Amino acid sequence: MNTWIAIGVTALGCYAVKLAGLLVPAGLLERPLVRRFAALLPVALLAALTAQQTFADGRALVLDARAAGLAAAAVALLLRAPFLLVVAAAVAVTAGVRAVGG
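None of the values given here were measured: they were computed from a predicted structure. Throughout, a residue's number is its position along its own chain's written sequence, starting from 1. Confidence filtering applies because this is a predicted model: local features only for residues at pLDDT of at least 70, side-chain atom pairs given and counted only at 80 or more, and all residues used for totals across whole chains, interfaces and linings. Note that the side-chain values use all heavy atoms of the structure and ignore hydrogens as well as water.

Participant: Please clarify how the side chain of Thr-94 should be interpreted in this entry.
Facilitator: Within the fold, Thr-94 resides in helix H5 (residues 83-100). The class for Thr-94 is buried, based on a relative accessible area of 16%. Contacts are assigned to residue pairs that have any heavy atoms within 4.5 Å of one another. When residues no more than four places from it in sequence are discounted, the contact partners of Thr-94 are Ala-65, Arg-66 and Gly-69. What counts as a helix is a DSSP run of H or I of at least four residues, what counts as a strand is a run of E of at least two, and both are numbered from the N terminus. For every residue, the accessible area (1.4 Å probe, protein chains only) is compared with the maximum for its type, and the residue is labelled buried under 20%, exposed over 50%, or partly exposed between those bounds.

Participant: Please clarify how the layout of surface pockets should be interpreted in this entry.
Facilitator: Size it by volume and the largest pocket reaches roughly 390 Å³. Lining the largest pocket are 15 residues, with Thr-50, Gly-69, Leu-70, Ala-73 and Ala-90 sitting closest to its centre. Within the residue set of the lining of the largest pocket, elements represented by two or more residues are helix H3 (32-55), helix H4 (65-78) and H5. Grouping the amino acids of the lining of the largest pocket by side-chain chemistry returns nine nonpolar, five polar and one charged. A pocket, in this scheme, is an open set of points on a 1 Å grid over the protein atoms alone with protein on both sides within 12 Å along at least 5 of 7 lines, while a cavity is a set where a 1.4 Å probe fits but cannot get out; residues line either one if an atom lies within 4 Å of a point. Grid points are joined across faces, edges and corners, and a volume is the space filled by probe spheres set on the points. Classes in brief: Ala, Val, Leu, Ile, Met, Phe, Trp, Tyr, Cys and Pro nonpolar; Asp, Glu, Lys and Arg charged; the others, Gly included, polar.

Participant: I'm lost on H5 in this one. Help?
Facilitator: Since there are 3.6 residues in each turn of an α-helix, residues three or four apart along the chain are aligned in direction. Multiplying 1.5 Å by the residue count of a helix minus one yields the expected span of that helix. Between its terminal C-alpha atoms H5 stretches 26 Å, which fits the 26 Å expected from 18 residues at 1.5 Å a residue. Taken together, the buried positions of H5 are Val-86, Ala-90 and Thr-94. The buried residues of H5 all sit within an arc of 60° when viewed along its axis, so they share a single face. Facing away from the buried side of H5 by over 90 degrees, the exposed positions are Leu-84, Leu-85, Val-91, Ala-99 and Val-100. In this structure, the buried residues of H5 make contact with H4. Immediately downstream of H5, the backbone of Gly-101 shows phi near 110°, a positive value. Throughout, the arc means the angular range of directions from the helix axis out to the C-beta atoms.

Below, the structure written as structure tokens:
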């Protein structure tokens, strides 16, 4: 498939999704269930993406240095560390485990 065709189809798809969002009646968006769903959906998608990127390698499940880095980030979050410290802890632990050969 030509790259420009793929770019054009993607651009049209993005425009169609944006247009569909603008056509939704305002009354529908004000319903409590819809508001709660809209608030929780990004969190669920980010959690799923994080889990997929951490524990999957192609079609196989893996437990490697990325899991240790995620665990370090979780501990830092539980200790209410600032965001940059959370990221630094995850990076340092992941690099350390990989350097040791894990």
